[in-house]
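Coordinate inspection notes
The primary structure of each chain is shown beneath.
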Amino acid sequence: LLLTDSRRKWYSQYILSHINDPANERPFLPIYNLDTLFPHLDRFERNQDIDLLEDMLSISYPQGYFIWYIGEGNYPYAKFAFRDDGNFLWLVDEQLPGSFYLSGSDSLLDIKLLQLYKLFNKTIEATLFGEIDIEE
């Protein structure tokens, strides 16, 4: 489930319009924008609200799910993404263990995000087609 802060909303649209492009010639991936599926997430202020959302997602995805969050750590969506250590975090101007750091003052940040997507996409392909081994 993909989440971005408001400044990187364009990037979530870019990812979603490219990740399952038939030109990729691979199986489609179940990557969805959580903001689109659940547009009230920005109004969550109580932990109980987030708990209810997690319950709904656990029912919807009984085999598990993770959040791919891209954005600033102080954005309201970030607190939802930070709740689980298994989430995939690309953080702007914040460093957390296990996250990927991006500098918000970098004038080439948008270009780097596009390049990171290309790298991410190639990694998915290599994994799906057995070109790399993943050891647990």
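Here is a short report on the structure shown in this document. For clarity, every value in this text was computed on a predicted model and none was experimentally measured.

1. Observations concerning the side chain of Thr4
Inspection of the secondary structure assignment puts Thr4 in strand 1 (residues 2-4). A distance of 3.4 Å separates a polar side-chain atom of Thr4 from the backbone oxygen of Arg8. Excluding its chain neighbours within four sequence positions, the residues that come into contact with Thr4 are Lys9, Ser12, Tyr69, Ile70, Tyr75 and Tyr77.

2. Details of the pattern of salt bridges
Per the counting criterion, the structure on display carries nine salt bridges. A salt bridge links Glu125 to Arg26; its shortest N-O distance comes to 3.4 Å. Of this pair, Glu125 sits in helix 5 (residues 109-128) while Arg26 sits in the loop between helix 1 (9-18) and helix 2 (34-37); the two residues are 99 residues apart in sequence, bridging distant segments of the chain. Connected through shared salt-bridge partners, Asp5, Arg7, Arg8 and Glu72 make up one network.

3. Digging into helix 3 (residues 47-60)
Spanning 14 residues, helix 3 covers 20 Å between terminal C-alpha atoms, matching the ideal 20 Å at 1.5 Å per step. The complete set of buried residues in helix 3 reads Asp49, Ile50, Leu53 and Leu57. Seen along its axis, helix 3 keeps its buried residues to an arc of 95 degrees; they face one direction. Exposed residues pointing more than 90 degrees away from the buried face of helix 3 are listed as Asn47 and Ile59. Buried positions along helix 3 lie against helix 2 and helix 4 (76-81).

4. Focus: the pairing of strand 2 (residues 68-72)
Counting buried positions along strand 2 gives four out of five residues, so the element sits mostly inside the fold. Once you follow strand 2 into helix 4 and on to strand 3 (residues 88-92), the crossover reads as right-handed.

5. Comments concerning helix 1
For helix 1, the set of buried residues is Tyr11, Ser12 and Ile15. Buried residues of helix 1 fall within an arc of 100 degrees about the axis and therefore sit on the same side.

6. Considering the sheet that holds strand 4 (residues 100-102)
With parallel pairing, the four strands of this open sheet are ordered in space as 1-2-3-4. Two strands close off the open sheet at either side, each with one partner strand: strand 1 and strand 4. Sheet twist, expressed as the mean angle between neighbouring strand axes with direction ignored, is 10 degrees. Judged from the five bridges that link them, strand 2 and strand 3 form a sheet pairing that is parallel. Counterpart to Ile70 in the pairing with strand 3 is Trp90.

7. Description of the packing of aromatic side chains
By convention here, two paired aromatic rings are described through the distance between centres and the angle between planes. All told, the structure shown has twelve aromatic pairs when counted by the stated rule. Arranged with centres 5.5 Å apart and planes meeting at 85 degrees, the rings of Tyr14 and Tyr117 form a pair that is edge-to-face. Taken together, the residues Tyr14 in helix 1 and Tyr117 in helix 5 connect sequence positions 103 residues apart. Ring plane angle 40 degrees and centroid distance 4.4 Å describe the contact between Trp68 and Phe120, whose orientation is recorded as tilted. Placement of the pair is Trp68 in strand 2 and Phe120 in helix 5, with a sequence separation of 52 residues. Classification of Trp68 by relative accessible area gives buried; the value is 3%. Assessed through its relative accessible area of 18%, Phe120 is described here as buried. An aromatic cluster of three or more residues is present, and its members are Trp10, Tyr11, Trp68, Phe88, Trp90, Phe100 and Phe120.

Each value, and the rule that gives it
- Within every chain, residues take consecutive numbers counted from 1 along the sequence as written.
- Local features are withheld for residues below a pLDDT of 70 in this predicted model, meaning they are given only at 70 or higher, and side-chain atom pairs are given and counted only at 80 or more; totals for whole chains, interfaces and linings count all residues.
- Computation of side-chain values: all heavy atoms of the structure, hydrogens and water removed.
- By the criteria applied, helices consist of DSSP H or I runs no shorter than four residues and strands consist of E runs no shorter than two, each listed in order from the N terminus.
- We call two N or O atoms a polar contact when they sit within 3.5 Å, provided that within protein one can donate a hydrogen and the other can accept it, with sequence-adjacent residues counted only if both atoms are side-chain atoms.
- We call two residues in contact when some of their heavy atoms are within 4.5 Å.
- Each reported salt bridge corresponds to a side-chain nitrogen of Lys or Arg within 4 Å of a carboxyl oxygen of Asp or Glu.
- Here a helix's expected span is defined as the number of its residues, less one, multiplied by 1.5 Å.
- Each residue is placed in one exposure class: buried if its accessible area under a 1.4 Å probe, protein chains only, is under 20% of its type's maximum, exposed if it is over 50%, and partly exposed if it falls in between.
- Directions from the helix axis toward the C-beta atoms define the arc.
- A right-handed crossover is one whose linking path, passing over the helix from the first strand to the second, runs clockwise when the strands point away from the viewer.
- When DSSP finds two or more bridges between two strands, those strands count as paired.
- Angles here are taken between N-to-C directions and fall from 0 to 180 degrees, while the axes themselves are lines fitted to C-alpha atoms, restricted in helices to the stretch in contact.
- By convention, a stacked pair of Phe, Tyr or Trp rings (six-membered ring in the case of Trp) has centres within 6.5 Å and planes under 30 degrees apart, an edge-to-face pair has planes over 60 apart, and any other such pair is tilted.

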